[in-house]
Amino acid sequence: MKDLEVMMINTISSAFETISTVEQGVELLDIFMHLQVREPIKRALDKRTVEVYTTFNEELNAVKKELTGKALPLPFNHPKYAGSAQWCRLLKKRIEREMMVLDRAHFLPHMGIGEETRTQYQHLCQALDENIRKDLPEWGQTVDRDPAKLLEVPLMARSTEQPPMIDINFSKSLTKMFQEIVYWERLLFEIPHYATDTYNKCEELRILREHVLLVVRDYNRIISALSLEERNLFKERIKFLDKKIHPGLTKLTWGAKNISDYFIKDCRVHANRIQTIVNDYKHANSSISNDCRRISELLLVRIDGKKIYENLEFDDDQQKHRAATKEKLMLIHKDVVSTMKQTYEVFKADGADGQGHFGSIGTHLTESIAGISRLPDILTRKRSNKEPIYVVIEKDEDTHKIQRVINQGMQDNAVNLQNYLLTWDNYREIWEIRKDAFIRRYQKLNPQVSSFDADIARYTEVANNVATQETVLNIQFVLLDCSLLKNSILGHCHEWQNKFTELLSEIATTRLKELNDFLTNMATKLVQNKIKFVNT
């Protein structure tokens, strides 16, 4: 029997060498527990029971270490507060699952380490629950009490990192709040009432964000596809697209209704049209580049190193080769001209600004061929008596005529711009007069209340007149945006009104104080006179 006991104890030891979890240990104890009638085997099983509790203790210590660490290892997509609570909840479930295995193991003997382990488990569960409960009020401290006002911002904004591209302008605070609420609801916690109304619009706002992102991507795709020079060429179309998206940068907010029905669709339709033009332009550039490469590969002289030429055979062979090469060059040239004409058809209706950009390209092209000499100067000893090619192009009358038209257009529009700026000169005194010096002089005049009322009302009228002024308008090929000037004048008007109001308040306070001092002195004199009268 002793040999059998030794064999069974060895079997138990071998089986327990493979376990790594409490559940595995309890399963093995359940298998061997019916053999504990033999005292040696019972002692061996008691020892293994202690090992199972020790394994659970190690698990509790590991969870406690994570809880007391400086920072919980949260996944990148988990929110700060609710994510921390979720992580604590998972830690609790982790030890609850193993504690449940131990609770169901009714066959385990009662021992001191078991009671200590249960006490430690209960304390750790309480610590985890407290950590979960404190995360909610901590998050509540960071939530705006009126989150709806965070929706009152424009849909988009100009990128500060990659101008002139645009970015979506949705509040990061709201995004974090929505993410927190999703996890708090999974944890079955009550959400603060001031955040509930805005959160109810979460799905609607998510759909709107996706639609606005489509506009942002369409616009940025067009801008990123064009170089700085090409953006000048496409200035008219980019300006038109800017006008379409302008409401989304200024007045359309996240709280507006049915934006997708008109603004998003309209912007995307025009962006797709411009994208098609850009794609065609890029394809034309690629086609001309390929034609230029083909030209560079053509040789005007062909020498066959394996052939011996006799008499005039070499000259005849070269003449045939030049004729064939010329025919190829003409076909390529025709293809280039056709491509350029098709491209020009797209831009020919543009304003003077766009046409001027073709003019600057012409100047650059002229400069680029300045080093090209005429063939007689290179291939013969006799110098050509004709002017260089670039000089002939520079003297071309049609080129000068186009340049004069461009210059005249620039001068005429400069006059139009100056005339428009005169409309803002009517408000010049609003910002030119030094406010503090004027208020000091005004105070010395000892004005009546009616004067204050009239002056304050005058600046209200000025502000109303300024508010009606158009801030974005086209003057031929120039798009003017006077929003900053308008806002600055309105700010000056409010500042003037505040100066008058503060002066009126100061004068009224001074006079009330003087009246109070007068009444106090008169009361004192009356009391003194009354005392003298009584004494007499």
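The rules we used
Residues numbered from 1 in each chain as written. Predicted model: local features only at pLDDT ≥ 70, side-chain atom pairs only at ≥ 80, totals over all residues. Heavy atoms only, no water. Helix = DSSP H or I, 4+ residues; strand = E, 2+ residues; numbered from the N terminus. Rg over C-alpha atoms; globule rule 2.2 N^0.38 Å. Buried < 20%, exposed > 50% of the residue type's maximum accessible area, 1.4 Å probe, protein only. Areas by Shrake-Rupley, 256 points an atom, 1.4 Å probe, with all protein chains shown as cover. Lys, Arg positive; Asp, Glu negative; His and termini not counted. Charge placed at Lys NZ, Arg CZ, Asp CG, Glu CD. Phe/Tyr/Trp six-rings, centres within 6.5 Å; stacked < 30°, edge-to-face > 60°. Lys NZ or Arg CZ within 6 Å of the ring centre and 35° of its normal. Expected span 1.5 Å × (residues − 1). Arc of directions from axis to C-beta. Contact = heavy atoms within 4.5 Å. Salt bridge = Lys/Arg side-chain N within 4 Å of Asp/Glu carboxyl O. 1 Å grid on protein atoms, 1.4 Å probe; cavity = no way out; pocket = protein on both sides within 12 Å on 5 of 7 lines; lining within 4 Å. Points joined across faces, edges and corners; volume = space filled by probe spheres on them. Pairing = 2+ DSSP bridges. Patch = residues over 30% accessible without salt bridge, like charges linked within 9 Å, V, L, I, M, F, W, Y side chains within 5 Å. Core = buried A, V, L, I, M, F, W, Y, C linked by side-chain atoms within 4.5 Å. Domains from an automatic or database assignment. pLDDT = per-residue confidence, 0-100. Axes fitted to C-alpha atoms, helices over the stretch in contact; angles between N-to-C directions. Parallel < 35°, antiparallel > 145°, perpendicular 65-115°, else oblique. Nonpolar A, V, L, I, M, F, W, Y, C, P; charged D, E, K, R; others polar.

### Let's talk about the overall build of the chain
Inference 1: Looking only at helices and strands, one finds 20 helices and 4 strands in the chain.
Inference 2: Relative to a compact globule of 536 residues, whose C-alpha radius of gyration would be 24 Å, the chain shows 44 Å and is clearly more extended.
Inference 3: Projecting the C-alpha coordinates of the chain onto the three principal axes gives extents of approximately 140 × 125 × 45 Å.
Inference 4: When each of the 536 residues of the chain is scored for burial, the buried share is 32%.
Inference 5: As presented, the chain carries roughly 35,400 Å² of accessible surface, and 55% of it is formed by carbon and sulfur atoms.
Inference 6: The distance from the centre of the 76 positive side-chain charges to the centre of the 76 negative ones in the chain is 3 Å.

### Some points on the packing of aromatic side chains
Inference 1: In total, this model carries 15 aromatic pairs according to the counting rule given.
Inference 2: Above the ring of Tyr183, the side-chain terminus of Arg186 is found at 4.7 Å from the ring centroid.
Inference 3: The lysine or arginine in question, Arg209, covers the ring of Phe170, its NZ or CZ lying 4.7 Å from the ring centre.

### Things to note about unusual backbone geometry
Inference 1: Look at the link from Pro163 to Pro164: it is a cis peptide, with omega at 5°.
Inference 2: The topology assignment puts Pro164 in the loop between strand 1 (156-158) and strand 2 (166-168).
Inference 3: The backbone of Asn446 sits at a positive phi, close to 50°, despite the residue not being glycine.
Inference 4: Residue classification places Asn446 among the partly exposed residues on the basis of a relative accessible area of 44%.

### Quick word on helix 19 (residues 449-467)
Each α-helix winds once per 3.6 residues, and so residues spaced three or four apart point in a common direction.
Inference 1: Here helix 19 contains 19 residues, and its C-alpha end-to-end distance of 27 Å stays within 8% of the 27 Å for a straight helix at 1.5 Å per residue.
Inference 2: Along helix 19, the residues classified as buried are Phe452, Asp455, Tyr459, Val462, Ala463 and Val466. Buried positions in helix 19, seen along its axis, are confined to an arc of 100° and lie on one side of it. More than 90 degrees from the buried face of helix 19, the exposed residues found are Val449, Ser450 and Asp453.
Inference 3: Buried residues in helix 19 make contact with helix 17 (428-432), helix 18 (435-444) and helix 20 (483-535).

### As for the pattern of salt bridges
Side-chain pairs of opposite charge can arise where the charged atoms are in close proximity.
Inference 1: For the structure shown, the criterion picks out 23 salt bridges.
Inference 2: With a closest N to O distance of 3.8 Å, Lys149 and Asp144 form a salt bridge.
Inference 3: Note that Glu297 and Arg293 form a salt bridge whose closest N and O atoms lie 3.2 Å from each other. Separated by 4 residues within a single helix, Glu297 and Arg293 lie in helix 11 (residues 259-297), roughly one turn from each other.
Inference 4: Arg293 gets classed as partly exposed once you look at its relative accessible area, which sits at 42%.
Inference 5: Residues joined by salt bridges that share partners form a network here, namely Glu59, Glu66 and Arg94.

### A look at empty space enclosed by the protein
Inference 1: Within this structure, the stated rule accounts for 1 cavity of 30 Å³ or more.
Inference 2: Taken as a whole, the largest cavity spans an internal volume of roughly 50 Å³.
Inference 3: Lining the largest cavity are Leu151, Lys201, Glu204, Leu205, Trp254, Gly255, Ala256 and Lys257.

### Here's the deal with the pairing of strand 3 (residues 472-475)
Inference 1: Pairing analysis gives 4 bridges linking strand 3 to strand 4 (residues 478-481), with the strands arranged antiparallel. Its bridge partner lying in strand 4, Leu473 is registered against Leu480.
Inference 2: Where strand 3 folds back onto strand 4 in an antiparallel hairpin, the turn is made up of 2 residues, including Gln476, whose phi is positive at roughly 55°.

### Notes on a nonpolar patch on the surface
Inference 1: A surface patch of nonpolar side chains, amounting to about 520 Å² of accessible area, comprises Ile295, Leu300, Val301, Ile303, Phe314 and Leu329.
Inference 2: Its place among the elements puts Leu300 in the loop between helix 11 and helix 12 (313-347).

### Describing the nonpolar core
Generally speaking, a soluble globular protein has its nonpolar side chains buried in company with each other.
Inference 1: Residues Leu102, Leu155, Met156 and Trp184 are the most contacted members of the largest nonpolar core, which totals 83 residues.
Inference 2: In this structure, this core is formed jointly by two domains, domain 1 (1-142) and domain 2 (148-274), each of which donates at least three residues.
Inference 3: Once residues lying within four places of it in the same chain are set aside, the contact partners of Leu102 are Val22, Val26, Val52, Tyr53, Phe56, Leu108 and Arg118.
Inference 4: Counting 21 residues, the second largest nonpolar core, distinct from the first, contains Val466, Cys482, Leu503 and Ile507.

### Considering helix 8 (residues 202-225)
Inference 1: In a regular helix each residue adds 1.5 Å, so 24 residues correspond to 34 Å; helix 8 covers 34 Å between its end C-alpha atoms and thus fits that length.
Inference 2: Those residues of helix 8 lying buried are Cys202, Leu205, Leu208, Val212, Val215, Val216, Asp218, Tyr219, Asn220, Ile222 and Ile223.

### Considerations on a positive patch on the surface
Inference 1: Together, Arg434, Arg440, Arg441 and Lys444 make up a region of like positive charge exposed at the surface.
Inference 2: Looking at where Arg440 falls in the secondary structure, it is placed in helix 18.

### Side note on the side chain of Lys435
Inference 1: Here Lys435 shows up in helix 18.
Inference 2: As a buried residue without a salt bridge, Lys435 has its nearest oppositely charged side chain in Glu495, at a separation of 4.1 Å.
Inference 3: Beyond its immediate sequence surroundings of up to four residues, Lys435 is in contact with Ile430, His492, Glu495, Trp496 and Lys499.

### Things to note about the confidence of the model for the chain
Any region with low pLDDT has predicted coordinates that should not be read closely.
Inference 1: When pLDDT is averaged along the chain, the result is 81; 91% of the residues meet or exceed 70.
Inference 2: At the low end of the mean pLDDT range in the chain sits helix 13 (residues 352-368), at 53; at the high end sits strand 2, at 94.

### Remarks on the packing of helix 1 (residues 2-16) against helix 3 (residues 39-67)
Inference 1: Packing of helix 1 against helix 3 brings their axes to within 9 Å, and their N-to-C directions diverge by 10°. When the interaxial angle is binned, helix 1 and helix 3 end up roughly parallel. Counting all contacts with helix 1, which are made through Glu5, Met8, Ile9, Ile12, Ser13 and Phe16, the residues of helix 3 involved are Pro40, Ile41, Ala44, Leu45, Arg48, Glu51 and Val52.
Inference 2: Each residue belonging to the contact of helix 1 with helix 3 can be placed in one class, and the counts come to 9 nonpolar, 1 polar and 3 charged.

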